[in-house]
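# Analysis of the macromolecular model
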Amino acid sequence: MHDGVLHHEVPIGLQPGDDGLVGVFDEQPLEVGDARVESPAAIHGTHQRHSFALAHPKVVLDEDQNKIEAVVPDDQLSLAIGRRGQNVRLASMLTGWDIDILTEEEESERRQKEFFTRSQRFIEALDIDDVIAHLLVTEGFSSVEEVAYVPVEDVAEIEGFDEELAGQLQSRARTFLEAETLRLTEQRQELGVTDELAGLPGLTIQMLVKLGESKVKTMEDFADLASDELTDAEEGILASFEIRESVANELIMKARVAAGWFTEEELLAAEEEKREAA
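Residues numbered from 1 in each chain as written. Predicted model: local features only at pLDDT ≥ 70, side-chain atom pairs only at ≥ 80, totals over all residues. Heavy atoms only, no water.

### Some words on a negative patch on the surface
Among the surface-exposed residues, Asp 98, Glu 220, Asp 221, Asp 224, Asp 228, Glu 229, Asp 232, Glu 234, Glu 235 and Glu 245 lie close enough to one another that they form a single negatively charged patch. Taken together, the elements giving at least two residues each to the negative patch come down to helix 10 (219-223) and helix 11 (227-231). Here Asp 98 shows up in strand 8 (residues 98-103). When its relative accessible area of 45% is taken as the criterion, Asp 98 is described as partly exposed. (Patch = residues over 30% accessible without salt bridge, like charges linked within 9 Å, V, L, I, M, F, W, Y side chains within 5 Å. Areas by Shrake-Rupley, 256 points an atom, 1.4 Å probe, with all protein chains shown as cover. Salt bridge = Lys/Arg side-chain N within 4 Å of Asp/Glu carboxyl O. Lys, Arg positive; Asp, Glu negative; His and termini not counted. Charge placed at Lys NZ, Arg CZ, Asp CG, Glu CD. Helix = DSSP H or I, 4+ residues; strand = E, 2+ residues; numbered from the N terminus. Buried < 20%, exposed > 50% of the residue type's maximum accessible area, 1.4 Å probe, protein only.)

So, in structure tokens, the structure goes:
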């Protein structure tokens, strides 16, 4: 497990004939079903990941995306998924999280692509050589925003770095982000995306540009969408941002309130009625 020392193993559910379903977490508490388990502290203050075991794979939990990724040997894929997918369905039901099962070969290919993509991003944004970029990625930095806004000590403590270099990298990162925000704002305006839609909480400037490119330009346009039009893996407008369907639904509902389709009180009443019916 590459994200921390394991401290606890908590069985969280079994059905007759199922393979083992075990949660393994460390440090800070996380509730999974009726079990209280432990999780590691946030990496660079941006997100939390936890180790987990499902039918014996290596697993990483991403709280930001409410997603579990299980990595299994190629010859154990069917064992991890279970008969007719019941292992995955059970684990998803118990945790309330989305679960992806990957083979070791698939994960290796994905990690290599992520490493290359992130390194190139740092090289271009920070005007650095590939050695420094590779060190940043190896140390767990995944975005320019992280480099820009973590405590400078988090960057300086990388082997071979010092506070002077860390300060330079942060200054370059912030300069890049300011310029990028200005560029994307101008692009958003040229696409005709309204300031009203831009003010909808939860939509980033990058998302707004994607929406504009797909002819979604007003609050009314956005309110008229279905969640799968945003999240579908192949055709979703915001698929590249990997937002959960529940988040997409929340955004759409906020837009419908803002567009005057119904009031906040009516929305809350409908949600309460739905909970009671369930």
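Anyway, onward from the coordinates.
### Digging into helix 4 (residues 130-138)
Taken together, the buried positions of helix 4 are Ile 132, Ala 133, Leu 136 and Val 137. Each buried residue of helix 4 sits inside an arc of 135° when the element is viewed along its axis, so together they form one side. Relative to its buried face, helix 4 has exposed residues pointing more than 90 degrees away, namely Val 131 and Thr 138. Looking at the buried residues of helix 4, the elements they touch are helix 3 (104-126), helix 5 (144-149) and helix 7 (163-190). Following helix 4 by one or two positions, Gly 140 adopts a phi angle in the positive range, close to 100°. (Arc of directions from axis to C-beta. Contact = heavy atoms within 4.5 Å.)

### With respect to helix 12 (residues 245-258)
Taking 1.5 Å per residue as the helical rise, helix 12 with its 14 residues ought to reach 20 Å, and the 20 Å between its terminal C-alpha atoms agrees with that figure. Regarding helix 12, the residues found buried are Ala 248, Leu 251, Ile 252, Ala 255 and Arg 256. An end-on view of helix 12 places all buried positions within 140° of arc, on one side of the element. On its buried face, helix 12 sits against helix 10 and helix 11. (Expected span 1.5 Å × (residues − 1).)

### Notes on the nonpolar core
Within soluble globular proteins, side chains that are nonpolar tend to cluster in buried spots. Counting residues in hydrophobic clusters, the biggest one holds 23 residues, and the most contacted among them are Leu 197, Leu 203, Leu 211, Phe 222 and Leu 230. Sorting the residues of this core by element identifies helix 9 (205-213), helix 10 and helix 12 as the ones contributing at least two each. Per element, the largest residue contribution to this core is 5 residues, and it comes from helix 9. Setting aside its immediate chain neighbours within four residues, Leu 230 contacts Leu 211, Phe 222, Leu 225, Gly 236, Ile 237, Leu 238, Ala 239, Ala 248 and Ile 252. (Core = buried A, V, L, I, M, F, W, Y, C linked by side-chain atoms within 4.5 Å.)

### Re the environment of Glu 266
Mapped onto the elements, Glu 266 comes out in helix 13 (residues 264-277). Classification of Glu 266 as partly exposed rests on a relative accessible area of 46%. Within polar-contact distance, the side chain of Glu 266 engages the backbone nitrogen of Thr 263 at 2.9 Å. (Polar contact = N/O pair within 3.5 Å; in protein donor to acceptor, adjacent residues only side chain to side chain.)

### Some points on the packing of helix 3 against helix 4
Packing of helix 3 against helix 4 brings their axes to within 9 Å, and their N-to-C directions diverge by 125°. The orientation of helix 3 relative to helix 4 falls into the category oblique. Helix 3 and helix 4 meet at a crossing whose hand is right-handed. Of the residues in helix 4, those in contact with Phe 115, Arg 118, Ser 119, Phe 122, Ile 123 and Leu 126 of helix 3 are Asp 130, Ala 133, His 134, Leu 136, Val 137 and Thr 138. Classifying every residue of the contact of helix 3 with helix 4 by side-chain character gives 7 nonpolar, 3 polar and 2 charged. (Axes fitted to C-alpha atoms, helices over the stretch in contact; angles between N-to-C directions. Parallel < 35°, antiparallel > 145°, perpendicular 65-115°, else oblique. Left-handed = near helix turned anticlockwise from the far one by under 90°. Nonpolar A, V, L, I, M, F, W, Y, C, P; charged D, E, K, R; others polar.)

### With respect to the pattern of salt bridges
On inspection of all chains with the given rule, the structure shows 5 salt bridges. Its salt-bridge partner being Arg 110, residue Glu 69 comes within 2.5 Å of it at the nearest N-O pair. Placement of the pair is Glu 69 in strand 7 (residues 67-72) and Arg 110 in helix 3, with a sequence separation of 41 residues. Judged by relative accessible area, Glu 69 falls into the buried class, the value being 17%. Accessibility expressed as a relative area gives 22% for Arg 110, which makes it partly exposed. Across the pair Arg 188 and Asp 195 runs a salt bridge whose closest N-O atoms are separated by 2.7 Å. What makes Arg 188 buried here is its relative accessible area of 7%. Exposure remark for Asp 195: the relative accessible area of 56% places this residue in the exposed category. Because the salt bridges share partners, they merge into one network encompassing Glu 69, Arg 110 and Glu 114.

### Let's talk about the side chain of Ser 227
Secondary-structure assignment places Ser 227 in helix 11. Residues within four places of Ser 227 in sequence aside, it is in contact with Glu 245, Ala 248, Asn 249 and Ile 252.

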